[in-house]
Amino acid sequence: MVAVAHIMNATLVIPQLDKRSFWKDSSTFSDMFDEVHFIKTLRGDLRIAKELPKELESVPRARKHFTSWSGVGYYEEMTQLFKEYQVIHVAKSDSRLANNDLPLDIQRLRCRALYYALRFSPPIEILGEKLVERLRSLGGRYIALHLRYEKDMLSFTGCTYGLTDAESKELTIMRENTNHWKVKKINSTEQRIGGYCPLTPKEVGIFLQALGYPPSTIIYIAAGEIYGGNTHLSELMYRFPNLVFKETLATKEELKAFANHASQTAALDYLISVESDVFIPSHSGNMARAVEGHRRFLGHRKTITPDRRGLVELFDKLKSGKLREGPSFSQRVQQIHENWQGGPRKRKGPLPGIKGRARFRTEESFYENPYPECICSSKAA
């Protein structure tokens with residue numbers, strides 16, 4: 001939206017955050033981010049208002065759903081709306097700008113907004129730094145595991161592998177009752193085989209062991225409440241007992257201010273993940289992509305993205321007895337992840353054979369990999 005407002009020569013109003021989602025978080029933009037720093041950093045690029053001016057609150061406004069993955073030409077045309085309206089209410093702001101084929105100055109503005117202007121609010125930054133220091137004091141190096149084995153993700157994706165019938169039913173009911181989730185009937189087996197499900201805690205344990213990490217490895221769990229709690233976590237803890245959670249790393253007093261604010265605790269996870277020695281997401285959601293992109297920007301810090309489709313095939317062979325854990329299995333896992341570790345490379349384009357606007361959906365996100373526009377010193381592999 002920073003880049004869109006710049007293209008349209010419009011004033012950007014600090015957004016109101018969604019308070020109706022699964023998390024029901026009342027956090028405002030200024031609770032999450034350093035608002036003054038955001039406005040000051042982008043002063044040379046566009047005008048930013050903390051709120052809509054009083055004289056414009058009652059004027060008619062255009063409520064607009066901008067077309068996803070649009071280019072500069074589209075937004076230059078959209079300036080025509082200002083001939084009739086003084087205010088444009090952008091109903092949806094995700095993925096509204098193209099990943100590719102944009103002027104270099106626009107791409108760099110996006111990075112300026114992401115990596116310089118958007119800074120978490122002081123309480124989040126201060127506690128985040130403290131938690132990273134405490135993690136380092138436990139053993140120096142640590143893995144941040146974005147274990148997206150949470151109720152909302154499992155329900156939304158329809159992934160029930162390894163769950164009880166009662167758990168599966170609970171997730172189905174939740175999906176049916178969530179109005180803004182459009183897909184209701186999901187084949188869990190097909191989802192898993194296609195690589196669309198988050199890895200289970202047990203699968204993550206097998207994966208990390210196959211990559212060669214010893215049981216003594218310190219692993220920070222960057223996540224909300226794990227579905228099923230210790231029942232499912234125990235299968236990961238069995239292989240890697242040094243699991244660390246923000247609830248054990250921070251004091252109750254320190255976390256008190258963040259209670260019932262899932263977005264703010266997620267911000268702590270974000271900071272700890274960006275600073276980790278290795279970042280591993282169990283599912284490629286928005287946060288995982290954002291963290292990976294940020295780590296690339298900071299010098300291609302190691303991010304191991306599981307090839308879930310390839311891994312499911314191997315896990316099923318383990319289960320059926322066609323494969324056994326050991327050197328041969330580890331070698332296969334390591335081979336398929338040789339080029340999945342966050343090294344310098346250009347963004348992936350659309351999948352072959354897909355035509356029309358649908359191809360944009362299959363491109364690698366700019367936020368996942370801002371190379372080469374925002375990373376000048378690295379060479380693409």
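Residues numbered from 1 in each chain as written. Predicted model: local features only at pLDDT ≥ 70, side-chain atom pairs only at ≥ 80, totals over all residues. Heavy atoms only, no water.

Looking at an unreviewed UniProt entry, the protein chain carries the name O-fucosyltransferase family protein, with the source organism given as Citrus sinensis.

Asker: Looking at this structure, I do not really get the pairing of strand β3 (residues 61-64). What am I missing?
Answerer: Within a regular strand, side chains alternate between the sheet's two faces. Two elements, β3 and strand β4 (residues 87-90), share four bridges in a ladder whose sense is parallel. Looking at β4, one finds that Arg-63 is bridged to His-89. Remark: the β3/helix α4 (residues 72-78)/β4 crossover connection has right-handed handedness. (Pairing = 2+ DSSP bridges. Helix = DSSP H or I, 4+ residues; strand = E, 2+ residues; numbered from the N terminus. Right-handed = clockwise from strand over helix to strand, strands pointing away.)

Asker: In this structure, what is going on with helix α14 (residues 262-274)? I would like to understand it.
Answerer: Because each turn of an α-helix spans 3.6 residues, side chains separated by three or four positions end up pointing in the same direction. With 13 residues, α14 extends 18 Å between its outermost C-alpha atoms, agreeing within 8% with the 18 Å of an ideal straight helix rising 1.5 Å per residue. Counted residue by residue, α14 has ten buried out of 13 residues, so it is predominantly covered. Among the residues of α14, Gln-264, Thr-265, Ala-267, Leu-268, Asp-269, Tyr-270, Leu-271, Ile-272, Ser-273 and Val-274 are the ones counted as buried. (Expected span 1.5 Å × (residues − 1). Buried < 20%, exposed > 50% of the residue type's maximum accessible area, 1.4 Å probe, protein only.)

Asker: Would you take a moment to explain the packing of aromatic side chains for this structure?
Answerer: The geometry of two aromatic rings is summed up by the distance between their centres and the angle between their planes. For the structure shown, the criterion picks out eleven aromatic pairs. Residues Phe-66 and Tyr-75 carry aromatic rings whose centres are separated by 5.0 Å and whose planes lie at 85 degrees to one another, so their mutual orientation is edge-to-face. Neither Phe-66 nor Tyr-75 differs from the other in exposure class; each is buried. An aromatic cluster of at least three residues, connected via ring pairs, comprises Phe-29, Phe-33, Phe-38, Phe-120 and Tyr-270. Its guanidinium or amino end placed over the ring of Phe-366, Arg-110 lies 4.5 Å from that ring's centre, counting from NZ or CZ. A cation over an aromatic ring shows up here: Arg-192 above the ring of Tyr-161, its NZ or CZ 3.6 Å from the ring centre. (Phe/Tyr/Trp six-rings, centres within 6.5 Å; stacked < 30°, edge-to-face > 60°. Lys NZ or Arg CZ within 6 Å of the ring centre and 35° of its normal.)

Asker: Teacher, can you tell me more about the domain arrangement of the protein chain here?
Answerer: By convention, interface size is frequently given as the accessible area that disappears when the constituent parts associate. Its domain assignment divides the protein chain into domain 1 (1-116) and domain 2 (122-149 + 198-343). Taking only C-alpha atoms, the centre of domain 1 and the centre of domain 2 are 32 Å apart. The interface is formed by eight residues belonging to domain 1 together with ten residues belonging to domain 2. Summed over both sides, the interface between domain 1 and domain 2 buries roughly 940 Å², with carbon and sulfur atoms accounting for 64% of that surface. For the interface between domain 1 and domain 2, the tally reads zero salt bridges. (Domains from an automatic or database assignment. Contact = heavy atoms within 4.5 Å. Buried area = accessible area lost by both parts, 1.4 Å probe. Salt bridge = Lys/Arg side-chain N within 4 Å of Asp/Glu carboxyl O.)

Asker: Got a minute to help me understand the pattern of salt bridges in this structure?
Answerer: Any two side chains of opposite charge can pair, given that their charged atoms come close. Counted by the stated rule, this structure contains 18 salt bridges. Among the ionic pairs, Asp-94 bridges to Arg-96, the shortest N-O distance being 3.5 Å. Owing to a relative accessible area of 9%, Arg-96 belongs among the buried residues under this scheme. Members of the salt-bridge network, linked through shared partners, are Arg-136, Arg-141 and Asp-277.

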